Amino acid sequence: MKILITGGAGFIGSNFIFYMRETHPDYELVCLDKLTYAGNLETLAAVMDKPKFTFIRADIAGRDAIYGIFETEKPDVVVNFAAESHVDRSIENPSIFLQTNVLGTQVLLDACRRYGVRRYHQVSTDEVYGDLPLDRPDLFFTEQTPLHTSSPYSASKASADLLCNAYQRTYGVPITISRCSNNYGPYQFPEKLIPLMIANALADKPLPVYGEGLNVRDWLYVEDHCAAIDLILEKGKAGQVYNIGGRNEMKNIDIVKLICKALDKPESLITYVTDRKGHDMRYAIDPAFIHRELGWLPETKFADGIQKTIRWYLDNKSWWEKIVSGEYQNYYERMYGNR
Ligand code: NAD
Ligand code: TDX
């Protein structure tokens, strides 16, 4: 079995590579990544020279290069993690989101159609469903919830999902789609809520909470997401969408306070800043279908996962300090300088 993993130098993709090497040591894994600001080869250092692992630098939207890779590597399965993934960046500049997330997905689907694969799996997000109101805790996203996007990021991810469905129905490409809630864990880029707050708190810098901090996200430990994708590849049905979530809803402000407490930092670091434009209020996945169909359940409780994650950022300062001091700083200035 040979799996082509796109976006494998990013947060979830790299965790997926580590998970699959543990769980299926006989599989051959080919990681394809453009190495944008979010891709970091240092993350893959431990597997780089290992047998049954190959790294190829390429852009999923580059048709000729992608066809060439399919021709030489002949993957059985493709798992597409490659994406521009940060909502705030999509609000600043949507173009690259359409280029990578929509056109890049199309190129991969065309390659699958042309060269044939056993499965193409699209890693999507709960954000394609839009948001839920805070005063209706009885409502959840199911696989039947209509797509209703808010940000250029979520619109690009929803477009990619629709293309996957079209390629299944029109050309018979065997696709599956997973829509997961917010992930956290090791190797998450420190522009996202949890690692950003950990990094800032450790530097005694302000903790920028958008609006009133009352927005709710449904947090899942990254390894549980990886396990769900593995199950979908093994037992999932072509053409099917699977929602993945931990039934673990938290207000942003409570997460930030928890991080302050764990790091023994004062809550006075918390600074309320201008809200994100079009900010989604609440995400909440109903994971009943994947549980019923494939037997998936999350294994890591949030209380344990967040402590493990904070420990990891304390033990791996060199990984994220290099990032925080580099290009990311310019972005940080643009995003938070006058907020
Ligand atoms: P990330 O930003 O950490 O990593 C993305 C990776 O894709 C990087 O390594 C980057 O270099 C690579 N990449 C970007 N553009 C590329 C291109 N044109 N060609 C090849 N590689 C390219 O993102 P992440 O948080 O690991 O998210 C991975 C996937 O999971 C994304 O598709 C995202 O939409 C989805 N997702 C993320 C979350 C979350 O909470 N992080 C939740 C649900 C779904
Ligand atoms: O500085 C911040 N302050 C703040 O209050 C940041 C970076 C975020 N926030 C808020 C915005 C959100 O309500 O925290 C919440 C989480 O923000 P992000 O970490 O940016 O994640 P989110 O926008 O929820 O999107 C994430 O989950 C779904 C991923 O980035 C997406 O790739 C995934 O699809």
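Description of the structure in this document. (Residues numbered from 1 in each chain as written. Chains lettered and ligands numbered in written order. Predicted model: local features only at pLDDT ≥ 70, side-chain atom pairs only at ≥ 80, totals over all residues. Heavy atoms only, no water.)

**Concerning the site of ligand 1**
Part 1 of the argument: What surrounds ligand 1 is a group of 28 residues, the closest being Ile12, Asp33, Ser85, Tyr153 and Lys157.
Part 2 of the argument: One of the side-chain nitrogen or oxygen atoms of Thr100 is found 3.1 Å away from a nitrogen atom of ligand 1.
Part 3 of the argument: For ligand 1, whose unbound accessible area comes to 830 Å², protein coverage reaches 97%.
Part 4 of the argument: Going through the elements one at a time, helix 1 (11–23), strand 5 (119–125) and helix 5 (152–171) are the ones with two or more residues in the shell around ligand 1.
Part 5 of the argument: When the residues that make up the shell around ligand 1 are grouped by side-chain class, the tally is 13 nonpolar, 11 polar and four charged. (Near = heavy atom within 4 Å. Polar contact = N/O pair within 3.5 Å; in protein donor to acceptor, adjacent residues only side chain to side chain. Areas by Shrake-Rupley, 256 points an atom, 1.4 Å probe, with all protein chains shown as cover. Helix = DSSP H or I, 4+ residues; strand = E, 2+ residues; numbered from the N terminus. Nonpolar A, V, L, I, M, F, W, Y, C, P; charged D, E, K, R; others polar.)

**Some points on the side chain of Arg276**
Part 1 of the argument: Residue placement: Arg276 occurs in the loop between strand 13 (270–273) and helix 9 (288–294).
Part 2 of the argument: When sequence neighbours within four positions are dropped, the list of residues in contact with Arg276 reads His86, Val87, Asp88, Ile91, Tyr210, Arg217 and Arg339. (Contact = heavy atoms within 4.5 Å.)

**Considering the environment of Gln106**
Part 1 of the argument: Here Gln106 is to be found in helix 4 (residues 95–115).
Part 2 of the argument: Of the residues examined, Gln106 reaches a relative accessible area of 23% and is grouped as partly exposed.
Part 3 of the argument: Ignoring any residue separated from it by four or fewer positions in sequence, one finds Gln106 in contact with Arg63, Leu163 and Tyr167. (Buried < 20%, exposed > 50% of the residue type's maximum accessible area, 1.4 Å probe, protein only.)

**Quick word on the site of ligand 2**
Part 1 of the argument: Surrounding ligand 2, one finds 22 residues, the nearest of these being Glu127, Tyr153, Arg276, His279 and Tyr336.
Part 2 of the argument: Note that an oxygen atom of ligand 2 is positioned 2.7 Å from one of the side-chain N or O atoms of Glu127.
Part 3 of the argument: Out of a free accessible area of 660 Å², ligand 2 has 94% covered by protein chains.
Part 4 of the argument: Mapped onto the shell around ligand 2, the elements with two or more residues apiece are helix 6 (193–202) and strand 8 (207–210).
Part 5 of the argument: Its residues placed into classes, the shell around ligand 2 shows 10 nonpolar, seven polar and five charged.

**Here's the deal with the sheet that holds strand 3 (residues 53–57)**
Part 1 of the argument: Judged by pairing direction, the sheet is parallel, and its seven strands sit side by side in the order 3-2-1-4-5-6-11 without closing on themselves. Single-partner strands in this sheet number two, and they are strand 3 and strand 11 (241–244). On average, adjacent strands in this sheet sit at an angle of 20° to one another, irrespective of strand direction.
Part 2 of the argument: In this structure, strand 5 lies alongside strand 6 (residues 175–180), joined through six bridges in parallel fashion. Following the sheet pairing, Thr125 is matched in strand 6 by Cys180. (Pairing = 2+ DSSP bridges. Axes fitted to C-alpha atoms, helices over the stretch in contact; angles between N-to-C directions.)

**A word on the packing of aromatic side chains**
Part 1 of the argument: Under the defined criterion, the tally for this structure stands at 18 aromatic pairs.
Part 2 of the argument: By the ring-pair criterion, three or more aromatic residues cluster together here, those being Phe18, Tyr187, Trp312, Tyr313 and Trp319.
Part 3 of the argument: The ring of Tyr171 carries the charged tip of Arg113 above its face, separated from the ring centre by 3.6 Å.
Part 4 of the argument: In this structure, Arg247 packs its charged tip against the face of Phe140, placed 5.7 Å from the ring centre. (Phe/Tyr/Trp six-rings, centres within 6.5 Å; stacked < 30°, edge-to-face > 60°. Lys NZ or Arg CZ within 6 Å of the ring centre and 35° of its normal.)

**Considering the side chain of Thr125**
Part 1 of the argument: Tracing the backbone shows Thr125 in strand 5.
Part 2 of the argument: Among the residues examined, Thr125 registers a relative accessible area of 8% and is labelled buried.
Part 3 of the argument: Polar side-chain contacts of Thr125 include one of 3.3 Å to the side chain of Asp126.

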